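# Commentary on secondary and tertiary structure
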Amino acid sequence: MLSRIADAMFWIGRYVERADQTARILDVRLQSITEDVTDDVAPACAAVYDIFGMGPVPETDLSVQTVLDRLVTDRGNPSSIAGGLQAARENARGAREVLTTEVWESLNTTTLGMPHGVRSSRMHAVFQYAKDRCAVVNGLVDASMTRDEAWLFLRLGQLIERVDMSARVLEAHDHEDTSDTTTVMLLRSCSAHEAYIRDYRGQVNAQRAIGFLLLDSIFPRSAAHCLLQIDEALETLGKLHGSTFDRMGTEDPARRIVGRALASLRYRALEDIRGDIEQEMEQLQKVTGALTRALGTTYFHPAA
Amino acid sequence: MVRMSASSLFHGIEAGGDGDEMFAADGSVRPSYRSLHDALARLGEEEFRSRSESLARSYLDQGVTFDYAGEERPFPIDAIPRVIAAEEWAEVSAGISQRVRALERFLEDLYSGAEAVKDGVIPAELAGSSTYIVDAMRGYTPPNGVRIHISGIDLVRDGSGGFRVLEDNVRTPSGVSYVLSNRRAMAQTFPELFADRPVRSVGEYPGRLLNALRAAAADHAGEEPTVVVLTPGRFNSAYFEHSLLARTMGVDLVEASDLVERHDRIYMRTTAGLRRVDVIYKRTDDDFIDPEVFRPDSVLGVPGLVRAILAHNVVVANGIGNGIGDDKLTYTYVPDLIRYYLQEEPILRNVDTWRLEEPEARAEVLDRLDELVVKPVDGSGGKGIVIGPSATREELDAMRARLQADPRGWIAQPVVQLSTIPTLVEEGPEPRHADLRPFALNSGDDVWVLPGGLTRVALPKGEMIVNSSRGGGSKDTWVLGAQGPTRVEVPTSTGYIRVLERDEADEPVETGEEEPYAQEQDQRQSEPEPVTSAIPLLDAEDLAEDREEYDPEDLDGDVAAAETDPHREANDAQ
């Protein structure tokens, strides 16, 4: 397929996932800020900006309303929900001939339906809208698209973004505070609370929560699960391109990056990772950057 | 008594209005419109309005838009279709086909020996003075001889009710995507209107277009030539159309940066390396298509494309250099060209036109400027047109000076009273002016005219310019199926009368339920490409030199804008 289209598919995957995750994180965080009257709003807002790499921001921006303006409805910011959807839609517009009509129309109406402004009293409805609509888009991708190259690139974008987002949430988390409330907030920010509770019979524990988010092999949002899926997608992609049997599984530079990261997370003691988790999560984000570049060199801008 | 059935829905339309296609001067409904009129009237005004709104919304949801002053807008569609009777369509179709065949011969002639000039059919100055003749293409003949693969010739109904040709578009006529989308949207929103009316289907177009493009490929391209659609990009006003055509044909939509020339061949950049391209349906203007030959500053072009064409390694549709066929001065000679090349009488007449380089004509036009329409010979999209009766004194004076300075640059026509069709506006259905652009495809064996075409309608009251850039909308265009064979008589210069008979009984008609893009599925059923075709077409040695020139910045283009990810630079800078 055309390199430019492959690139666009990858970014559709990333931006839809980013919008979805952003809605999930903000829903949890902002709700807790507005509920908790004893808490100081400004540092809590600063922590939210931090997750999205937007710090430091001026004092005047440290209000729930400004967070909503900048991270929900600002179409000029590709990391806001509306901006991410807009970017996904623009990429989709450039790749319409490979998307099914259903997927395109669903992305288009989702983007057009995002409000241009939102008050905190109505924010939950907007987050719900974004999450629901992203689920519809993903569902249509799942149900209507052939598992060809185009789908694989979209899927890779989605998985890489998911790892990146989890790493951001974990990095910004206050690991000093191991209270149940804070740990539950962490799990909920990653949409992992219910899955975790079922697994650990309701026992909330900070160390186990981090282990679950990083290593659980069957929870679809854990870093390890996503990395495994990325590796699988890369292998299929290699086969589609008719590369000869890669016996060692080490020929694709992207697969080497994934493999190393996965082994590093899985086969070190969890204590080791938790020892300097902020640094480790920073590294994990760099892995997603390196993966994106490796895909670029191999598929999006091959030297030809 | 027929007035009675013109229920409340059409109450706003006054009897005796001149030149309306649905209502005759006495207020009765014309036969071809009768069943549609009754079906619409049965819906009632409220239901009709609410469905019209859902029609508009469905366009926004589907992204059926055009770019207007940098903004993406839904293309306005009016819910009252235009109806054309089978017998009249047979005439239009034969006339369009005849005109395309004559223009093909004319282009072939101009780019080879220019016999028509030697024989005195057209003046040497026409060929010599047009900025549209592309010297680089002289002596070149495409593999199957076709230069006008796709055409869209604009017709209007004059005061007497007959169709006349307003202008020829043989470069990059656009609008066919709206023909396809209008039909799909109408069939979804107003399915009952199609019941009992044999409306001819428009869904064949993408398949026919693909066949015409494949037929254009050079023999060495093999059985399955690679066809692509070349778009200037997402910010082009017709991007929606480029995308729809690529999608419904099942071919790649490429931008100039996706194509590259190597050794006089054209390749596209894919995830598996370079892949050879055989036929390019270009939607970029000639001026921008190849910076080696045309504007050197163009970023929308493919350097070396013209060399590849001349080496017969790639075919571009429509042909580069077709602009002379669209020249409005050429237009005035087309009836003569039909007689000269085809030995036939024109089936469709031109609108009367004055050539300003002829002294008597110029004197008359200058004298009557306030009652005529003046058009630039190289204009499109309604640009530069001055309508005498609605122009100010200053505008007319300025126009007079420009005509005297550059008579070759302009033509003049009487104000044609375009026919009207009832169109839904605030106050209800009211008559609005409309034109018609039928689309024709030339595969080399046959010129096929899509039964339908784009009806554009001027939404402001009294407005005569229907272009979307001037706030125009469109209507679904219904060509009715014939009850029996149709018959068109074409007089020839030998006195013999050529009779064209067609039996359209087997032609597909719209059912109102059928998926109009059935063609799309048919294409899919053909043999899928083996995935191993992803092996690069060139050896690494071939590209050793080029590799050094490779600049990744070149590829990013405008897509990168949507992907800029400012706060994530930390990751990428690792």
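Residues numbered from 1 in each chain as written. Chains lettered and ligands numbered in written order. Predicted model: local features only at pLDDT ≥ 70, side-chain atom pairs only at ≥ 80, totals over all residues. Heavy atoms only, no water.

## What to know about the overall build of chain B
Applied cut-off: Helix numbers and strand numbers start at the N terminus; a helix is a DSSP run of H or I with at least 4 residues, a strand a run of E with at least 2. The contact rule is simple, with two residues in contact once any of their heavy atoms fall within 4.5 Å.
What chain B contains, in helices and strands, is 20 helices and 28 strands. Partitioning the intrachain contacts of chain B with sequence separation of at least 6 by distance along the chain shows that 69% fall at a separation of at least 24.

## Quick look at the sheet that holds strand 13 (residues 279-282) of chain B
All names here are of chain B. This is how it is decided: The pairing criterion for strands is at least two bridges between them, as found by DSSP. Axes, fitted as lines to C-alpha atoms, cover a helix only where it is in contact. Angles between the N-to-C directions of the axes lie from 0 to 180 degrees.
Taken in spatial order, the four strands of this open sheet run 9-8-13-14, and their pairing is parallel. What marks the edges here is a single partner per strand, and that holds for strand 9 (252-255) and strand 14 (315-317). With strand direction ignored, the average angle separating the axes of adjacent strands in the sheet is 30°. As judged from the four bridges shared by strand 8 (residues 227-231) and strand 9, these two strands associate in the parallel manner. Bridged to Thr 231 within strand 9 is Glu 255.

## Remarks on the domain arrangement of chain B
Residue and element names in this part refer to chain B. We apply this condition: For the domain bounds, the source is a domain assignment made automatically or taken from a database. We define buried area as the total accessible area lost by two parts upon association, computed with a 1.4 Å probe and summed across both. The term salt bridge refers to a side-chain nitrogen of Lys or Arg lying within 4 Å of a carboxyl oxygen of Asp or Glu.
Examined at the domain level, chain B breaks down into domain 1 (82-349 + 425-525) and domain 2 (354-414). Computed from C-alpha atoms alone, the centre-to-centre distance between domain 1 and domain 2 is 28 Å. Listed by partner, the interface residues are 17 residues for domain 1 and 15 residues for domain 2. A combined buried area of about 1,400 Å² lies between domain 1 and domain 2, and 47% of that area is made up of carbon and sulfur atoms. A per-residue breakdown of the area domain 1 buries against domain 2 is headed by Lys 328, Leu 329 and Ile 465, which together make up 38% of the total. There are one salt bridge connecting domain 1 and domain 2.

## Describing the sheet that holds strand 4 (residues 150-152) of chain B
All names here are of chain B. The three strands are arranged 4-22-23 in an open sheet whose pairing can be described as antiparallel. Two strands bound the open sheet, and with one partner strand each, they are strand 4 and strand 23 (447-449). Taken pair by pair, the neighbouring strands of this sheet meet at an average axis angle of 25°, ignoring direction. In this sheet, strand 23 lies alongside strand 22 (residues 439-442) in antiparallel orientation, the contact comprising three bridges. If you follow Ala 440 over to strand 23, its bridge partner there is Val 449. Packing against the sheet, helix 8 (residues 205-215) makes contact with strand 4, strand 22 and strand 23, and its axis sits at approximately 35° to strand 22.

## Some remarks on a negative patch on the surface
All names here are of chain A. Using the following cut-off: A patch consists of residues whose relative accessible area exceeds 30% and which take part in no salt bridge; residues with like charges are grouped when within 9 Å of each other, and nonpolar side chains (Val, Leu, Ile, Met, Phe, Trp, Tyr) when within 5 Å. The protein chains shown are the only cover counted for residues, whose accessible areas, like all others here, come from Shrake-Rupley with a 1.4 Å probe. None of His or the chain ends enter the tally, which takes Lys and Arg as positive and Asp and Glu as negative. By convention, the point assigned to a charge is CZ for Arg, NZ for Lys, CD for Glu and CG for Asp. Exposed residues in this analysis have more than 50% of their type's maximum accessible area, buried residues have under 20%, and partly exposed residues fall in between, with area computed by a 1.4 Å probe over protein chains only.
On the surface, a cluster of negative charge is contributed by Asp 174, Glu 176, Asp 177, Asp 276 and Glu 278. Assignment of secondary structure puts Asp 276 in the loop between helix 13 (270-275) and helix 14 (277-300). A residue is classified by how much of its surface remains accessible, and Asp 276, at 42% relative accessible area, is partly exposed.

## Some words on the pattern of salt bridges
This model, assessed by the stated rule, comprises 58 salt bridges over all chains. With a shortest N-O distance of 2.9 Å, Glu161(A) and Arg18(A) are connected by a salt bridge. Of this pair, Glu161(A) sits in helix 7 (residues 149-172) while Arg18(A) is found in helix 1 (residues 3-35), placing the two residues 143 residues apart along the sequence. Side by side, Glu161(A) and Arg18(A) carry an identical accessibility label, which is buried. Where Glu45(B) meets Arg49(B), a salt bridge forms, and the shortest distance between an N and an O atom there is 3.9 Å. Linking Glu45(B) with Arg49(B), this pair stays in helix 3 (residues 45-62), spanning four residues, or about one helical turn. Overall, the relative accessible area of 25% leaves Arg49(B) in the partly exposed class. Beyond isolated ion pairs, a larger network of salt bridges with shared partners links Glu17(A), Asp20(A), Arg24(A), Arg162(A) and Arg221(A).

## A closer look at empty space enclosed by the protein
Residue and element names in this part refer to chain B. The condition that has to hold: Each cavity reported here is a set of points on a 1 Å grid over the protein atoms alone in which a 1.4 Å probe fits but cannot get out, each pocket an open set with protein on both sides within 12 Å along at least five of seven lines, and each lining residue one with an atom within 4 Å of a point. Grid points are joined across faces, edges and corners, and a volume is the space filled by probe spheres set on the points. Throughout, the ten residues Ala, Val, Leu, Ile, Met, Phe, Trp, Tyr, Cys and Pro are labelled nonpolar, Asp, Glu, Lys and Arg are labelled charged, and all others, Gly among them, are labelled polar.
Counted according to the given criterion, the structure contains six cavities of 30 Å³ or more. The volume enclosed by the largest cavity comes to roughly 120 Å³. Met 137, Tyr 140, Pro 142, Gly 319 and Ile 320 are, among the 14 residues lining the largest cavity, the residues nearest its centre. Per-class residue counts for the lining of the largest cavity are nine nonpolar, four polar and one charged.

## Topic: the nonpolar core
The following threshold applies: We call a set of buried residues a nonpolar core when its members are Ala, Val, Leu, Ile, Met, Phe, Trp, Tyr or Cys and they connect through side-chain atoms within 4.5 Å of each other.
Membership of the largest hydrophobic core comes to 169 residues, with the highest contact counts inside it found for Met9(A), Leu26(A), Ile81(A), Ile230(A) and Ile280(B). With 15 residues, helix 1 of chain A is the single largest residue contributor to this core. Leave out the neighbours within four places in its chain, and Leu26(A) touches Gln31(A), Val48(A), Phe52(A), Val67(A), Leu71(A), Val72(A), Ile81(A) and Phe127(A). Val29(B), Val64(B), Leu193(B) and Tyr205(B) belong to the second-largest nonpolar core, a separate cluster that totals 64 residues.

## As for the packing of helix 2 (residues 41-51) of chain A against helix 3 (residues 64-73) of chain A
All names here are of chain A. Definition in use: Oblique is the label for any angle not covered by the other classes, which are roughly parallel (under 35 degrees), roughly antiparallel (over 145) and roughly perpendicular (65 to 115). The sense of a crossing depends on the near helix, which, turned anticlockwise from the far helix by less than a right angle, makes the crossing left-handed and, turned clockwise, makes it right-handed.
Between helix 2 and helix 3, whose axes approach to 10 Å, the crossing angle comes to 15°. Here helix 2 lies roughly parallel to helix 3, going by the angle between them. Both helix 2 and helix 3 take part in a crossing whose hand is right-handed. Contacts between helix 2 and helix 3 involve Val 41, Cys 45, Val 48 and Tyr 49 from the former and Val 64, Thr 66, Val 67, Arg 70 and Leu 71 from the latter.

## Notes on helix 14 (residues 359-367) of chain B
Residues and elements named next belong to chain B. The condition that has to hold: Directions from the helix axis toward the C-beta atoms define the arc.
Restricting attention to buried positions, one finds in helix 14 the residues Ala 361, Val 365 and Leu 366. With its buried residues spanning 130° around the axis, helix 14 presents them on a single face. The exposed residues of helix 14 that point more than 90 degrees off its buried face are Pro 359, Glu 360 and Asp 367. Against strand 16 (354-355), strand 17 (372-376), helix 15 (393-405) and strand 19 (410-414) lie the buried residues of helix 14.

## Regarding unusual backbone geometry
Residue and element names in this part refer to chain B. In this structure, Asn 318 follows Ala 317 across a cis peptide bond, with omega equal to -10°. Tracing the backbone through its elements, the reader meets Asn 318 in the loop between strand 14 and helix 12 (323-326). One non-glycine residue, His 263, lies in positive phi territory at about 50°. Since its relative accessible area comes to 53%, His 263 is described here as exposed. The phi dihedral of Asp 264 falls on the positive side, at around 60°, and the residue is not glycine. Topologically, Asp 264 is positioned in the loop between strand 10 (259-262) and strand 11 (265-270).

## Some words on the state of the cysteines
Covalent bonding between the sulfur atoms of two cysteines is what defines a disulfide. Residue and element names in this part refer to chain A. What counts is decided by this rule: Whenever a pair of cysteine sulfur atoms sits within 2.5 Å, that pair is classed as a disulfide.
Applying the stated criterion across every chain, the model contains zero disulfides over all chains. The structure places no disulfide on Cys 134, whose sulfur is separated from the nearest cysteine sulfur, that of Cys 226, by 16 Å. On the basis of relative accessible area, Cys 134 is assigned to the buried category, the value being 1%. No disulfide involves Cys 226; its sulfur sits 11 Å from that of Cys 190, the nearest cysteine. Residue classification places Cys 226 among the buried positions, given a relative accessible area of 0%.

## Some remarks on helix 3 of chain B
All names here are of chain B. Let me state the cut-off plainly: Expected span, for any helix, means 1.5 Å times one less than how many residues it has.
Between its first and last C-alpha atoms helix 3 spans 26 Å; for 18 residues at 1.5 Å apiece the expected length is 26 Å, and the two agree. What helix 3 keeps buried is the set Phe 48, Arg 51, Ser 52, Leu 55, Ser 58, Tyr 59 and Gln 62. Buried residues of helix 3 fall within an arc of 120° about the axis and therefore sit on the same side. For helix 3, exposure combined with an orientation more than 90 degrees from the buried face picks out Glu 46, Glu 53 and Arg 57.

## Quick notes on the packing of aromatic side chains
The following threshold applies: Only centres within 6.5 Å qualify two rings of Phe, Tyr or Trp (six-membered ring in Trp) as a pair; their planes then separate them into stacked at under 30 degrees, edge-to-face at over 60, and tilted for everything else.
Inspection of the entire model under this criterion finds 16 aromatic pairs over all chains. Each ring, one from Trp11(A) and one from Tyr15(A), has its centre 5.5 Å from the other, and the planes form 40°; the classification is tilted. Of this pair, Trp11(A) and Tyr15(A) are both found in helix 1, four residues apart, which corresponds to roughly one turn of the helix. As far as burial versus exposure is concerned, Trp11(A) and Tyr15(A) are alike and both buried. Aromatic side chains Phe75(B) and Tyr178(B) sit 3.9 Å apart centroid to centroid with 15° between the ring planes, which places their arrangement in the stacked category. Highlighted residues: Phe75(B) in the loop between strand 2 (71-74) and strand 3 (77-84) and Tyr178(B) in helix 7 (residues 176-189), separated in sequence by 103 residues. Given the relative accessible area of 5%, Phe75(B) is considered buried. Taking the relative accessible area as the measure of exposure, Tyr178(B) reaches 8% and is therefore buried.

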